Amino acid sequence: MIKILADKNLYKLHQFLPKEIDYTLYNPQAGIPGLEGFDAWLIRTVTKVNPITFPDLGKSLKFVGTGSSGSDHVDITYLNSKDVQFVSALGCNARAVAEYVMTAILLWKEKRQKNLSELTFGIIGVGKAGSEVANLFSAFGLKTVLYDPPREKRETDFISSTVEEVLNCDVLTFHVPLENKDTPYSTYHWLNEEKLTGQRFELIINTARGGVIEEQAVLKAMDRGYVHDIVIDVWENEPDFDPTFMKRAFIATPHIAGYSEQAKLSASRMICDQLCDFFQLPKPTSETIFPEKKLFLTKQHYSLKEVLLQLHPVKEYHTLLLKLSTHKNKIELFKKLRTDHPFRFEYPSLRLEAAYFDDFSELVKLGIQSQ
């Protein structure tokens, strides 16, 4: 029988595992048990896997899967050297991330009284998440600049903008993996003091990885008037985030942009499907059910901001993160906030009374449907 060690916070994992396995759940905050005796190990981004953190992978381990779209927390070369197969849930949360970005932009538009049609939006990284962001931007008729040199090299039908073109945008949103300085397309501190000097950005959004932007350089740019607003979901030295940087943000959240009911279900299903393929196990026959949610808003009159905040908890996370930013146990509380808060529902799964669509065409563009 195949034995699996799995992070207990992988969402509803048991629904996607076949009966022909024996699985053990663990709490990563309490430490990770020894890997000896396990054939597979299922993790999340909170677990860093490399020769330093796990010099001994055990003799039996053959498979590691992460329930996340990103994989920079795993040294894949190291696993390959140990003949351990690695898989991820690439793209599982792309729609959730795109909705976070568009929601933040709409809230920013309302607060700052911006005309989005007058602005240019630069997307840095046009993979799964960046492409979903581009799709939503297109639905809203936003002028968009796509920047992704690695994708241009891989795909003959994709043409990336130049770095100069994307830096001339009014708004930047990041959707790249964190690549270190020694790689051909390094993204570590991609947005640094040099790129910020002399440029003026209305808004910078980072839902990729904390090290992609240099936080201290952004703070200096804000002080000099080069950057007006920031929306930050990921942090340098996460989970030990910088309270000063956090307090300057228009919206600050604890790495939850990709958190939704649908994204988490997709992540668990994707890694379990790949596990079954690897070990040649039968997949559970029942299909994944992505639930819908009907909302009955109590007030009769809303602003767009009020409607969005009832549908998406982004400001709720901001308030909670602000409260814990100066707490002595902020690192553990940051982790707890990520795991304990209920997952939201993605917009296409929400149903609202028809009257709201008469007042707010934005709801249709977000994919919400009438009851």
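Let us look at the structure shown here. (Residues numbered from 1 in each chain as written. Predicted model: local features only at pLDDT ≥ 70, side-chain atom pairs only at ≥ 80, totals over all residues. Heavy atoms only, no water.)

Examining the overall build of the protein chain
Part 1 of the reasoning: Scanning the protein chain for helices and strands turns up 14 helices and 14 strands.
Part 2 of the reasoning: At 21 Å, the protein chain has a C-alpha radius of gyration in line with the 21 Å of a compact globule built from 371 residues.
Part 3 of the reasoning: Dimensions of the protein chain, computed from the C-alpha atoms along their principal axes, are close to 60 × 50 × 50 Å.
Part 4 of the reasoning: Put simply, the protein chain has 371 residues, and 53% of those count as buried.
Part 5 of the reasoning: Contacts spanning at least 24 positions in sequence make up 63% of the contacts within the protein chain whose residues lie at least 6 apart.
Part 6 of the reasoning: By element, 48% of the accessible surface of the protein chain is carried by carbon and sulfur atoms, the whole surface being about 17400 Å². (Helix = DSSP H or I, 4+ residues; strand = E, 2+ residues; numbered from the N terminus. Rg over C-alpha atoms; globule rule 2.2 N^0.38 Å. Buried < 20%, exposed > 50% of the residue type's maximum accessible area, 1.4 Å probe, protein only. Contact = heavy atoms within 4.5 Å. Areas by Shrake-Rupley, 256 points an atom, 1.4 Å probe, with all protein chains shown as cover.)

Digging into the nonpolar core
Part 1 of the reasoning: Of all hydrophobic cores here, the largest spans 110 residues; its most connected members are Met102 and Phe174.
Part 2 of the reasoning: Ranked by residue count, the leading element in this core is helix 2 (residues 94-112), at eleven residues.
Part 3 of the reasoning: When neighbours within four sequence positions are excluded, Phe174 is seen to be in contact with Ile124, Trp190, Leu191, Ile204, Ile205, Asn206, Thr207, Ala208, Val212 and Ile213.
Part 4 of the reasoning: Of all hydrophobic cores here, the second largest spans 16 residues; its members include Tyr26, Trp41, Phe54 and Val74. (Core = buried A, V, L, I, M, F, W, Y, C linked by side-chain atoms within 4.5 Å.)

With respect to the packing of helix 2 against helix 3 (residues 128-139)
Part 1 of the reasoning: Two elements in contact, helix 2 and helix 3, have axes whose closest approach is 8 Å; the angle formed by their N-to-C orientations is 45°. As judged from the angle between their axes, helix 2 and helix 3 are oblique. Both helix 2 and helix 3 take part in a crossing whose hand is right-handed. Contacts between helix 2 and helix 3 involve Ala94, Arg95, Val97, Ala98, Glu99, Val101, Met102 and Ile105 on the former and, on the latter, Lys128, Ala129, Glu132, Val133, Leu136 and Phe137.
Part 2 of the reasoning: Looking at side-chain class alone, the contact of helix 2 with helix 3 contains ten nonpolar, no polar and four charged residues. (Axes fitted to C-alpha atoms, helices over the stretch in contact; angles between N-to-C directions. Parallel < 35°, antiparallel > 145°, perpendicular 65-115°, else oblique. Left-handed = near helix turned anticlockwise from the far one by under 90°. Nonpolar A, V, L, I, M, F, W, Y, C, P; charged D, E, K, R; others polar.)

Considerations on the packing of aromatic side chains
Part 1 of the reasoning: Enumeration according to the criterion identifies twelve aromatic pairs in this entry.
Part 2 of the reasoning: Their ring planes at 70° and their centres at 4.8 Å tell us that Trp41 and Phe54 sit as a pair that is edge-to-face. With a gap of 13 residues between them, Trp41 in strand 3 (residues 40-43) and Phe54 in the loop between strand 3 and strand 4 (63-66) connect regions that are remote in the sequence.
Part 3 of the reasoning: Its relative accessible area of 0% is what places Trp41 among the buried residues. (Phe/Tyr/Trp six-rings, centres within 6.5 Å; stacked < 30°, edge-to-face > 60°.)

A few points about the pairing of strand 8 (residues 171-174)
Part 1 of the reasoning: The alternating pattern of strand 8 places Val171 and Thr173 and Leu172 and Phe174 on opposite faces, both of which are buried.
Part 2 of the reasoning: Pairing geometry for strand 6 (residues 120-124) and strand 8, over four bridges, is parallel. For Ile124, the partnering residue across the bridge sits in strand 8 and is Phe174.
Part 3 of the reasoning: In this structure, strand 8 lies alongside strand 9 (residues 201-206), joined through four bridges in parallel fashion. Its bridge partner being in strand 9, Leu172 is matched across the sheet by Ile204. (Pairing = 2+ DSSP bridges.)

Details of helix 9 (residues 261-279)
Count 3.6 residues to each turn of an α-helix, and residues three or four apart come out pointing the same way.
Part 1 of the reasoning: The end-to-end C-alpha distance of helix 9, which contains 19 residues, comes to 28 Å, matching closely the 27 Å that a straight helix rising 1.5 Å per residue would cover.
Part 2 of the reasoning: Gln280, located one to two residues past helix 9, shows a positive phi value of around 55°. (Expected span 1.5 Å × (residues − 1).)

Some thoughts on the sheet that holds strand 14 (residues 369-370)
Part 1 of the reasoning: On the basis of which strands lie adjacent, the open sheet formed by three strands has the order 12-13-14 and parallel pairing. Where the open sheet ends on each side, the last strands, each with one partner, are strand 12 (293-294) and strand 14.
Part 2 of the reasoning: In terms of strand pairing, strand 13 (residues 350-352) meets strand 14 through two bridges, oriented parallel. By the bridge assignment, Leu352 is partnered in strand 14 with Ser370.

Some thoughts on unusual backbone geometry
Part 1 of the reasoning: The omega torsion of the bond from Glu238 to Pro239 falls at 10°, within 30 degrees of zero and hence cis.
Part 2 of the reasoning: Counting through the fold element by element, Pro239 comes out in the loop between strand 10 (227-232) and helix 8 (243-247).
Part 3 of the reasoning: Even without being a glycine, Asn237 presents a positive backbone phi close to 60°.
Part 4 of the reasoning: The exposure class assigned to Asn237 is exposed, which follows from its relative accessible area of 63%.

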